[in-house]
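# Summary of structural features
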Amino acid sequence: MMPADQPDSAAFGATLTIDLDALVSNWRLLGKRAGTEAGAVVKADAYGIGIEPAVTALAKAGCKSFFVAHVSEAIRARKVAPDATVYVLNGLLPGAAETFAAHGLSPVLGSHEELLEWASFRQTGAQVRPAALHVDTAMNRLGLWPGEGLNLARERSGVIAAAGIGLVMSHFASSEVETDPANARQIAAFAEIAAALPEVPASLKNSSGHFLKDCPSYQLTRPGYALYGGNPTPGQPNPMKPVVGLEATIIQTREVEDGTQVGYNGRWTAKGKRKLATICLGYADGYPRNGSWTDTVTGGSALVDGVSCPFVGSVSMDLIIIDVTDAPADAAKRGASVTLIGGPLDLETVGGGAKTIGYEILTSLGRRYHRRYIGG
Ligand SMILES: *Cc1c(COP(=O)(O)O)cnc(C)c1O
């Protein structure tokens, strides 16, 4: 699948390859692991890979529940998945209920005010899908306090009934750190809420939640990062298939002498004679400037024919310089392609090199790449 109006790959400096079969296979693996229905979190343009192709492929494979952050994203998901339930995690902004109704979207209600506003909208006779109720068991970000949630849940004919709640959920704060004691506290707090609403399906697990011991799956899970190939078990082998690959083209190479300063503000100095290559991608493509490699700070790297080639100096807007001294000469030449994401340069490694996390690498993926979708 390729956007029809896209010129061919030679018109671009870099190619982003997105494997939709791997995406679907990751979704199936998580569902199998959970032993229950897996939904899919497709906020932020499906973590950068494109919400329409991702939702289309997942819906075709049988995914029935999607989660996004904003109404605008939900409308895009709804267009390609007309029958799915589309939850808006950021909830109900004042006056937005009609837009939810018009597109058949489900708000994730996270405060008493939101519950009241949605309940009174429903009382006008508006046709709406069931909403979700968000209970905050650790984050202090969105959701009712557990005590508040329990009190409302026990008022059998109260606002929860009036709001037409079809899902109760909470979100982990540290599920990727298996030993964090917060996990057990959140699991226990959520169990109480779920027990107080026995007729309402529940959802707790994000990606890493699928790999926590002693965590019930309830009726629906909400993986995001792992669907896109991110490692839900950091520090251990990645059980997921890679979904995203990024390759850029070498524009030119040069040899520099010992002591040569390279890039903006000369922040990197050659130690000995080095061979450098300049590649067609930069921070305007979403590669973080924090991947710069200076005389005092390490940064990102690229693979040239499998050889790791560190960045040199500042990441520029449209260009990155790499040190190809150790790469085979016939692979480090004008027109050759180098790997920025792929193989040993997995999302966690790339994130680490740029002093951030793989999630941010994915969601920053640029709009300027040639996008090649395979499978789906
Ligand atoms: C983003 C998000 C998820 C998905 O988290 P991952 O770690 O990417 O799996 C699940 N639930 C909520 C509420 C979220 O905001």
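Located above this text is the structure these notes cover.
In this report, we go over the structure that sits alongside the text.

Cut-offs and rules
- Residues numbered from 1 in each chain as written.
- Predicted model: local features only at pLDDT ≥ 70, side-chain atom pairs only at ≥ 80, totals over all residues.
- Heavy atoms only, no water.
- Helix = DSSP H or I, 4+ residues; strand = E, 2+ residues; numbered from the N terminus.
- Buried < 20%, exposed > 50% of the residue type's maximum accessible area, 1.4 Å probe, protein only.
- Lys, Arg positive; Asp, Glu negative; His and termini not counted.
- Charge placed at Lys NZ, Arg CZ, Asp CG, Glu CD.
- Contact = heavy atoms within 4.5 Å.
- Core = buried A, V, L, I, M, F, W, Y, C linked by side-chain atoms within 4.5 Å.
- Domains from an automatic or database assignment.
- Salt bridge = Lys/Arg side-chain N within 4 Å of Asp/Glu carboxyl O.
- Arc of directions from axis to C-beta.
- Near = heavy atom within 4 Å.
- Polar contact = N/O pair within 3.5 Å; in protein donor to acceptor, adjacent residues only side chain to side chain.
- Areas by Shrake-Rupley, 256 points an atom, 1.4 Å probe, with all protein chains shown as cover.
- Nonpolar A, V, L, I, M, F, W, Y, C, P; charged D, E, K, R; others polar.
- Phe/Tyr/Trp six-rings, centres within 6.5 Å; stacked < 30°, edge-to-face > 60°.
- Pairing = 2+ DSSP bridges.
- Right-handed = clockwise from strand over helix to strand, strands pointing away.

### With respect to the overall build of the protein chain
- Counting its secondary structure elements, the protein chain contains 11 helices and 19 strands.
- Considering only C-alpha atoms, the protein chain reaches an extent of 80 × 45 × 35 Å along its principal axes.
- Counting across all 376 residues of the protein chain, residues that qualify as buried make up 53%.
- Of note, the protein chain has its 33 positive side-chain charges centred 3 Å away from the centre of its 36 negative side-chain charges.

### Quick notes on the environment of Thr249
- When you line up the elements, Thr249 lands in strand E11 (residues 244-256).
- Judged by relative accessible area, Thr249 falls into the partly exposed class, the value being 25%.
- Counting along the chain gives 10 residues from Thr249 to Gly259, while the straight-line C-alpha distance between them is 27 Å.
- For Thr249, the contacting residues outside a window of four places in its chain are Gly13, Thr278, Ile279, Cys280, Gly335, Ala336 and Ser337.

### Points about the nonpolar core
- Core analysis: the biggest nonpolar cluster contains 114 residues, and Ile49, Ile322 and Leu340 have the highest contact counts within it.
- A per-element tally of this core places helix H1 (residues 20-34) first, with six residues.
- When we break this core down by domain, the ones giving at least three residues each are domain 1 (20-228) and domain 2 (244-345).
- Val256, Val262, Val312 and Ile321 belong to the second largest nonpolar core, which has seven residues in total.

### Some points on the pattern of salt bridges
- Inspection of every chain in the model, using the stated rule, returns seven salt bridges.
- The partner of Asp45 in a salt bridge is Arg76, and the shortest N-O contact between them spans 3.0 Å. Highlighted residues: Asp45 in helix H2 (residues 43-47) and Arg76 in helix H4 (residues 71-80), separated in sequence by 31 residues.
- Among the residues examined, Asp45 registers a relative accessible area of 26% and is labelled partly exposed.
- Judged by relative accessible area, Arg76 falls into the partly exposed class, the value being 34%.
- Residue Asp318 pairs with Arg368 through a salt bridge whose shortest N-O separation is 3.0 Å. Of the two residues, Asp318 is situated in the loop between strand E16 (307-312) and strand E17 (320-323) and Arg368 in the loop between helix H11 (358-364) and strand E19 (370-374); the sequence distance between them amounts to 50 residues.
- Taking the relative accessible area as the measure of exposure, Asp318 reaches 35% and is therefore partly exposed.
- Linked through salt bridges whose partners overlap, the residues forming this network are Asp45, Glu52 and Arg76.

### Section: the environment of Val244
- Here Val244 lies in strand E11.
- The class of Val244 is buried, set by a relative accessible area of 8%.
- Along the backbone, Val244 and Ile322 are 78 residues apart, and their C-alpha atoms lie at a distance of 21 Å.
- Leave out the neighbours within four places in its chain, and Val244 touches Leu16, Thr17, Ile49, Ile341, Leu362 and Leu365.

### Quick look at helix H7 (residues 146-154)
- Residues of H7 that are buried: Gly149, Leu150, Leu152 and Ala153. Projected down its long axis, H7 carries its buried residues within an arc of 165 degrees, all on one side.
- At its buried positions, H7 is contacted by helix H6 (112-123), helix H8 (159-162) and helix H9 (182-196).

### Quick notes on the site of the ligand
- Taken together, the neighbourhood of the ligand is formed by 14 residues, with Lys43, Tyr47, Ser207, Tyr225 and Tyr359 sitting nearest.
- At a separation of 3.5 Å, an oxygen atom of the ligand approaches a polar side-chain atom of Asn206.
- In this structure, Arg222 approaches the ligand through a side-chain N or O atom, which is 3.0 Å from a nitrogen atom.
- Considering the ligand on its own, with 390 Å² of exposed area, one finds that the protein chains cover 93% of that surface.
- Here the residues of the shell around the ligand are counted per class, giving seven nonpolar, four polar and three charged.

### Quick notes on the packing of aromatic side chains
- All told, the structure shown has eight aromatic pairs when counted by the stated rule.
- Judged by centre distance (4.7 Å) and plane angle (20 degrees), the ring pair of Tyr47 and Tyr228 falls under stacked. On the criterion of sequence distance, the pair formed by Tyr47 in helix H2 and Tyr228 in the loop between strand E10 (220-221) and E11 is long-range, its members being 181 residues apart. Across the pair, Tyr228 and Tyr47 agree in class, each one buried.
- Since its relative accessible area comes to 6%, Tyr47 is described here as buried.
- Ring pairing ties together the aromatic residues Tyr47, Tyr225, Tyr228 and Tyr359, which thus form one cluster.

### Overview of the pairing of strand E7 (residues 131-134)
- Here E7 shows two buried faces, one formed by Ala131 and Leu133 and the other by Ala132 and His134.
- Bridging between strand E6 (residues 106-109) and E7 involves two bridges; their strand directions are parallel. Bridge pairing in E7 places Val108 opposite Ala132.
- In this region the chain leaves E6, passes through H6 and returns to the parallel neighbour E7; the handedness of that crossover is right-handed.
- Of the pairings in the sheet, the one linking E7 to strand E8 (residues 165-169) comprises four bridges and is parallel in character. Opposite Leu133, over in E8, you have Val168 as the bridge partner.

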